[in-house]
Each structure stands twice: as structure tokens, then as C-alpha cells.
Amino acid sequence: MDRVSAFDEPLKKLLGGATAKVMAEHLDLHTVGDLLHHYPRRYEERGQLTALADLPLDEHVTVVAQVADARVMMFNNGRGKRLEVTLTDGSGRLQLVFFGHGVHKPHKELLPGRRAMFAGKVSVFNRKMQLAHPTYQLLDATDADEATEAVDAFAGRLLPIYPACKQLDSWRIAKAVDTVLPSAREVVDPLPPALREGRGFTPLPEALLKVHRPQTKADIADARDRLKWDEAFVLQVALARRRYADTQLPAVARKPSHGGLLDAFDATLPFTLTEGQQKVSGEIFDDLATEHPMHRLLQGEVGSGKTMVALRAMLAVVDAGGQAAMLAPTEVLAQQHHRSITEMMGELAEGGMLGGSDLGTKVVLLTGSMGTAARRQALLDLVTGEAGIVIGTHALIEDKVQFHDLGLVVVDEQHRFGVEQRDALRSKGKQPPHLLVMTATPIPRTVAMTVFGDLETSVLDQLPAGRSPIASHVVPAKDKPHFLSRAWERVREEVENGHQAYVVCPRIGDDADDEAGKKKSRKQAEEDGDKRPPLAVLEIAEQLAEGALAGLRIEVLHGRMNPDDKDDVMRRFAAGQVDVLVATTVIEVGVNVPNATAMVIMDADRFGVSQLHQLRGRVGRGSAAGLCLLVSEAHEASPARARLTAVAATLDGFELSRIDLEQRREGDVLGQAQSGVRSSLRMLTVIDDEEVIAAAREEAVTIVAADPELTRLPELRTALDALLDKEREEYLDKG
């Protein structure tokens, strides 16, 4: 059996239809390779017990523990029976509860002193952690018991605990792994032998056996070192090949002309650029002067002056006879960029118009909702070259849009922008244009090397003078409702002091929203349990107008409004004619109203760490201090609440992005939720394995430089195809 057939064998053939179906539907495991790469989350030692004290709430867990006592309770005047079992492990206690007919078997088996593995979802009842109706497997049963067989199948004393689901316990997954493990011996090793021996790695078949059935802790360490390296290395080879392919593309070098548009613009600036802005501009101008396309990621905190750096790059390209396009993720943001860039440029943005400068150029806006006449004029200005700069949404990518000579594409907030769109815009140039990607989501160096590995990186980490501090607090609405009342009082105080506020909600609450809610699958409804739907903009705005904020000028803003209405609301908010803007996350990126000082985020636990950080960056943009209140009903001990406390504790975006990653490590850095595919990183934690990633990147660059097509390394080529299927490869591009 070669590598392909060993790894690609469908699980159905080896495990039977029912198990394979559960694995496919609930764990996204389809082939032998998928299951062999479904590594244990941790290992229990037979003689050692899990820390029950540290169990996470609302998560499906597997614990190994001892029964301290078990008692049957009657309720409903003796008509109902309940079995309560207390487990102990030295660190804490955990309650198990069984009801009705489910009481008989555990009552006979779970006797005090017995040890077993238990699996279930952790909940809280009467302030105690409990598992209701857990599945379990005895670890010290008699020989006759099949449980013993299953446990003895585990090598040595180390019990692998697998990431499991409600439908399939860890030990059933372990049994399935036993069935497919022989296939691991037939796997072909993708690493070049010289590299493997040079770094002293265990061969792949052996690493797979050791990770699933270790005899010792040293086995686990060996296996992990090897499997981590494979993940980092294969990913870095894919990225190195993409970078190599990009360097083979031709591009027009764009050097700014002395005494041209850029110099004229710099002369009008009322302030000096920060050191960081000058350094990053230098890196960009060096890239623009080469004859292959620039691919650069510019990351900088909210308000660090990225737009200024991007504008100077665009002006340099216009100086060199080309055109520059800036892409924004939303119409609100495109309009705002257009406004701020034309204001910054003044008469230099009025090229060819009366009163415009001779050195000037036209700056046009192009969005999907523009009127026909304005749109026709903008398209004409682009094709004739009259407009040197265009700012727009993905409407810029449509077939009808033709450029005279597209030299630079600036993409704002890359993570909302797909590779297909990036490529479509590239194809608008006579030769591939230079590309500058901007993001205000701080990305740790390792993630930049992993997720944005095909881009060179520049970082702006100084904030321009005049930005104010932002105080952030968590408001526990469920435990302390009076805190929420105080939050609305604070908003009122800010407005009375002449300032404005945002209130952010996760949902819109209109008909389309409700339809989507009704269509929510039954499975999703079950998983959510009795969780109420997220709070909605339209409902909260109405409640506030009639209650806590009565008498203030309140407006709503969300993505399904007519574009003219959206623009009108934003304009009036910016002009100070609206006190409180109740909005969805459409305000997350780029909205700049220095007079807005307070933000209340409802159901804050339903947003990600970086999203909360982005939202918070909308306040404290002027001379007055900012205030951000994170309202949540999450339980004090929950991971969601821990996330909010972390956000409230620091304004450092890089620190937050580390926290975000650490909390998502079980999922994956390449972001399962966003990508819709199971990512290839299962063993690697991007936070802890910086050295592995950096070393893998170096090796990858060397190998690809010597053999870009990997013709001499067919095994590596195969591994690349297996790990980076089409969808995942595209996801790498999307960032």
C-alpha cells in the first residue's frame, strides 16, 4: 500500500457505516489519514487522577476519577428516582446525576472506591459542577467485562484522551484508532531523508504509533516533535512556493518623481510623520521600485496612521504614471476613506478641475449603490486615466471596471477579503499590480509567518500624538443588574458633557434576521440549549429610547439599511446631530468620530477578542478619554467571561491576539469557524512553537529555491497535496 492509498482509505471500509457516519458528521473525519491525525488531547496515567477542580463549564469532557459515594434519592412522592454519585480526585469533587430508568446499571456498577472514565458535558446545578447522564467505562472491572479489554488495549499506563463529541466518547474513538493503526506502518514519510536525519526526527509511521499508543512520556515527546515539525514544514513549503511563484511574475517598477504629487502632498502636511511611518514608507517605496510585484502586509493598531502610509504609496504610484485602487470591506468604510483622503489631499485631489492643482489627480469613489450617472463618470475617469486614485468596495472588481494602467492595489482589512477577489483585481493591470494589505488586527509574528506567510510584513506600533486612553470594564448583567443600570447612566453623563456614544449588538432583529433564525437547524438549536437569541439592534434601540436613554437622540445603523440611509446616519453622527448610535459591527472598522467617547457592547461574549479590540478602537479617538463597557450574562467561571476580563485588562492589541490564540488553540490558528474546513494544524500551537515555525520556514525556503516544483521530492509533493487540499490552500490566501 502506498502513502496515498493508506491514508485515503475511507473509514467506512474499516469501521463500519454507523461509526464512520458519526465521525464524518460530528468530527469531520472521513479517511484513515484523518483519524490518524486526530491526536489525543492529553494522556491520563492510570495511577493519577484528573484535576476535577479545573473543569471548563459547558464543555464536553472526559475525566478519570474515583467514586467517593453513591446514593439513590426519591422525589415526586416516591414516583421519581435519582442516582447521585460523587467523584473525587484529590483536587476537587464532581457530582454525577442519573434519572429514571437510567439509574439501575450505574447503581450496580459505580460503587465507592471504583475507578472509571466518565464523559459528558459540564454544567452547574445548585452551585456545584455536575455531569448529567454521563457515559462511563470502568477501569478496574472484572476480566469478564469487555471494558477491561478496551482499557488493556491502551499501551502501558498512559490512557489517551481524544477530542470527542456527545455522540462518540474518547474511548470509542480510541477503539477505532486501534483498528486503523496498522495502516500507519505503510505510510510513506514526506520529509527528505537528509532533513529528517539531520534533525534527529522519528520516522513518521513510528511517530503516529507513539502519539496514539505511547509506552512512556518520552514516546509522546518524540512523536509531538516530529508531528509538529511536519505541520509547520508542509505549511511553510506551500507558502514558500507561493512566494517563489510571485517573484517570477513581472511588474512595472514605480518610482516617485521628484517635485511631483508626493512631494507636493508632503509639503502640505501640518505634522511630521512618526518614525514608524517613515520607516514603513521606506520599505514600501523600495518594493515599488522593483520589477516584480510587491506583496506586503501592513499591520498597525487602530489609529496608528496606516491610511497616511497607504495614501503616500498611492501618490508615489500616480507620480510614476500609474493608478492606485483602494479596496474597503464595506460601503460605509469606502465612503469614509474617500472623504478623509480627499480632505487630506485638498486641491491635489481636484486634478483637471477648476481651482485644482496642476500636479493634482482625480480621486473617485466607486460602490455598488451609486447612481448610474455618477457611476458612468467614475468608470470613464478610470479607463481614461483621468482618475489616479479610486476607492471602492468589491464593486471595483466587476468585469465592467477597466483601468488605464493599474499599478497598486491597497486592500483594507484583508481578513474580510478572499483570494478570488484579490486575483480578480490583479488581473485588471496590464501586468500584475503591486499589492499592499492593511490590517488593524494585530498579528503575532508566528501567525504572520503562518497565515500571511506569502506576504512580507511591516508593523506600525507607535500611536500618533493626541490619542486618549480608553478605560474598559466588564458589566455582569445577570449577576449584578444594577451594574447595567449604572452603565446607561454613564452613557447619559457622557452625552450631557457634550460627547456621543455607540451601543453595539450582535444581531439586527429585522424580518430577514427572524427568517434566518427560523431556518436555524434543529441540531444547532439543540447545541445552543436554552440560550436566548443574541440581542438585536432594533429591539435595544427601542428599549433605550423608551427607557434608560429616553430623551436622547438615538439612531440605528446596520448592514441591511439602504446605502444612502447608512451614509446619512453616519454623516449626522459625525456632525454631532445624533447622541447614541445603536449599531451592529458595521462600525468595527475605520469609522472615525473623535467626539464619540463611550461604547457599550451588548452580549460581548458573543464577539471574538480581536473584534472587541477593533470595536473599542472607535472611542478615545479625540482629546477626551474613552470608555468601553462589555455587557455579558456569561457565568463568572466560563471561558467567555475570562476572555472579556482579558480584553478589559489591556489595550495592547498584540497581547490580546496572543490571548485570543491561546484560547482558540483547541480549534486552530487557521480558524476552523472562518474557513469552513478542518485546518491542517492539529499539533502545532502557533503561540508556543515559534522556533519550530521559524526553523521550518528556513528549511522550506532552501528546499523551494533549489527545487521549486519539488520534482526530486515526490513524497513531499504528495504530503502537500494531502494537507493543503484546494479549499485549505485558498483559505491560506484569505488570511
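Small disclaimer: the values here were computed from a predicted structure and weren't measured.

## Observations concerning the packing of helix H12 (residues 275–288) against helix H13 (residues 306–319)
Right, on to step 1. Axis separation between H12 and H13 bottoms out at 10 Å; the angle between their running directions is 30°. In terms of crossing hand, the pair formed by H12 and H13 is right-handed. Residues Gln277, Val280, Ser281, Ile284, Phe285 and Leu288 of H12 touch H13, and the partners they reach there are Met308, Val309, Arg312, Ala313, Ala316 and Val317.
Right, on to step 2. Broken down by class, the residue content of the contact of H12 with H13 amounts to 9 nonpolar, 2 polar and 1 charged.

## Quick notes on the nonpolar core
Right, on to step 1. If you look at the biggest cluster of nonpolar residues, it comprises 36 residues, and the most contacted ones within it are Met314, Met345, Ile389 and Leu408.
Right, on to step 2. For this core, the secondary structure elements donating two or more residues are helix H11 (261–268), H12, H13, strand E10 (323–327), helix H14 (331–345), strand E12 (387–392), strand E13 (406–412) and strand E14 (434–439).
Right, on to step 3. Excluding anything up to four places from it in sequence, Met314 contacts Ala324, Met326, Ile341, Ile389, Leu408 and Val410.
Right, on to step 4. Counting residues in each nonpolar core, the second largest holds 32 residues, with Leu557, Val569, Leu581 and Leu656 among its members.

## Side note on the sheet that holds strand E17 (residues 500–504)
Strand pairs in the sheet, formed through backbone hydrogen bonds, run parallel or antiparallel to each other.
Right, on to step 1. Strand order in the open sheet formed by 6 strands is E16-E21-E20-E17-E19-E18, and the pairing between neighbours is parallel. At either margin of the open sheet sits one strand with a lone partner, and together these are strand E16 (470–476) and strand E18 (554–557). Put simply, the sheet's adjacent strands are angled 20° from each other on average, direction ignored.
Right, on to step 2. Along the sheet, helix H22 (residues 563–574) contacts E17, E18, strand E19 (580–583) and strand E20 (596–601); its crossing angle with E18, the most-contacted strand, is approximately 135°.
Right, on to step 3. Strands in contact with helix H23 (residues 609–616) are E16, E17, E20 and strand E21 (626–632); relative to E20, the strand with the most contacts, it is inclined by about 150°.

## A closer look at the sheet that holds E13
Right, on to step 1. The sheet built from 7 strands is open, its strands ordered E11-E12-E10-E13-E14-E9-E15 with parallel pairing. At either end of the open sheet lies a strand with only one pairing partner, and these are strand E11 (362–366) and strand E15 (456–460). Averaged over all pairs of adjacent strands, the angle between their axes in this sheet comes to 20°, without regard to strand direction.
Right, on to step 2. For strand E9 (residues 295–300) and E14, the ladder comprises 5 bridges, and the chain directions are parallel. The partner of Gln299 across the bridge, within E14, is Thr439.
Right, on to step 3. In the packing of H13 onto the sheet, contacts are made with E9, E10, E12, E13, E14 and E15, and the angle to E13 comes to roughly 170°.
Right, on to step 4. Strand contacts of helix H15 (residues 372–384): E10, E11 and E12, with the helix running at about 130° to E11, the strand carrying the most contacts.

## A short note on the pattern of salt bridges
For side chains of opposite charge, pairing can occur when their charged atoms come near one another.
Right, on to step 1. Going through the model one piece at a time under the given rule, you end up with 33 salt bridges.
Right, on to step 2. Between Glu709 and Arg241 there is a salt bridge; the shortest N-O distance is 3.8 Å. Here Arg241 lies in helix H10 (residues 217–247) and Glu709 lies in the loop between helix H27 (690–706) and helix H28 (714–723), a separation of 468 residues in the sequence.
Right, on to step 3. The shortest N-O distance in the salt bridge between Glu489 and Arg486 comes to 3.2 Å. A residue pair is termed a helical-turn pair when its members lie 3 or 4 positions apart in one helix, as Glu489 and Arg486 do in helix H18 (residues 481–496) at 3 residues.
Right, on to step 4. Judged by relative accessible area, Glu489 falls into the partly exposed class, the value being 44%.
Right, on to step 5. In the salt-bridge network here, residues are joined through shared partners; they are Arg486, Glu489, Arg490, Glu493 and Glu494.

## Focus: the confidence of the model for the chain
Right, on to step 1. Confidence in the prediction for the chain averages 81 pLDDT; 82% of positions are at 70 or higher.
Right, on to step 2. E17 holds the highest mean pLDDT among the elements of the chain, 95, whereas helix H26 (residues 672–675) holds the lowest, 31.
Right, on to step 3. The low-confidence segment residues 521–530 (pLDDT under 50) makes 4 contacts with residues lying over four places distant or belonging to another chain.
Right, on to step 4. Below pLDDT 50 for its whole length, residues 665–680 participates in 42 contacts with residues either more than four positions away or in separate chains.

## Observations concerning the pairing of E9
A regular strand carries its side chains on alternate faces of the sheet.
Right, on to step 1. Among the 6 residues in E9, 6 count as buried, and that is most of the element.
Right, on to step 2. Side chains of E9 alternate between two faces, with His295, Leu297 and Gln299 and Arg296, Leu298 and Gly300 buried alike.
Right, on to step 3. Bridge count between E9 and E15: 5 bridges; the pairing is parallel. Residue Arg296 lies in a different strand from E15, and its bridge partner there is Glu456.

Parameters and conventions
Residues numbered from 1 in each chain as written. Predicted model: local features only at pLDDT ≥ 70, side-chain atom pairs only at ≥ 80, totals over all residues. Heavy atoms only, no water. Axes fitted to C-alpha atoms, helices over the stretch in contact; angles between N-to-C directions. Helix = DSSP H or I, 4+ residues; strand = E, 2+ residues; numbered from the N terminus. Left-handed = near helix turned anticlockwise from the far one by under 90°. Contact = heavy atoms within 4.5 Å. Nonpolar A, V, L, I, M, F, W, Y, C, P; charged D, E, K, R; others polar. Core = buried A, V, L, I, M, F, W, Y, C linked by side-chain atoms within 4.5 Å. Buried < 20%, exposed > 50% of the residue type's maximum accessible area, 1.4 Å probe, protein only. Pairing = 2+ DSSP bridges. Salt bridge = Lys/Arg side-chain N within 4 Å of Asp/Glu carboxyl O. pLDDT = per-residue confidence, 0-100.

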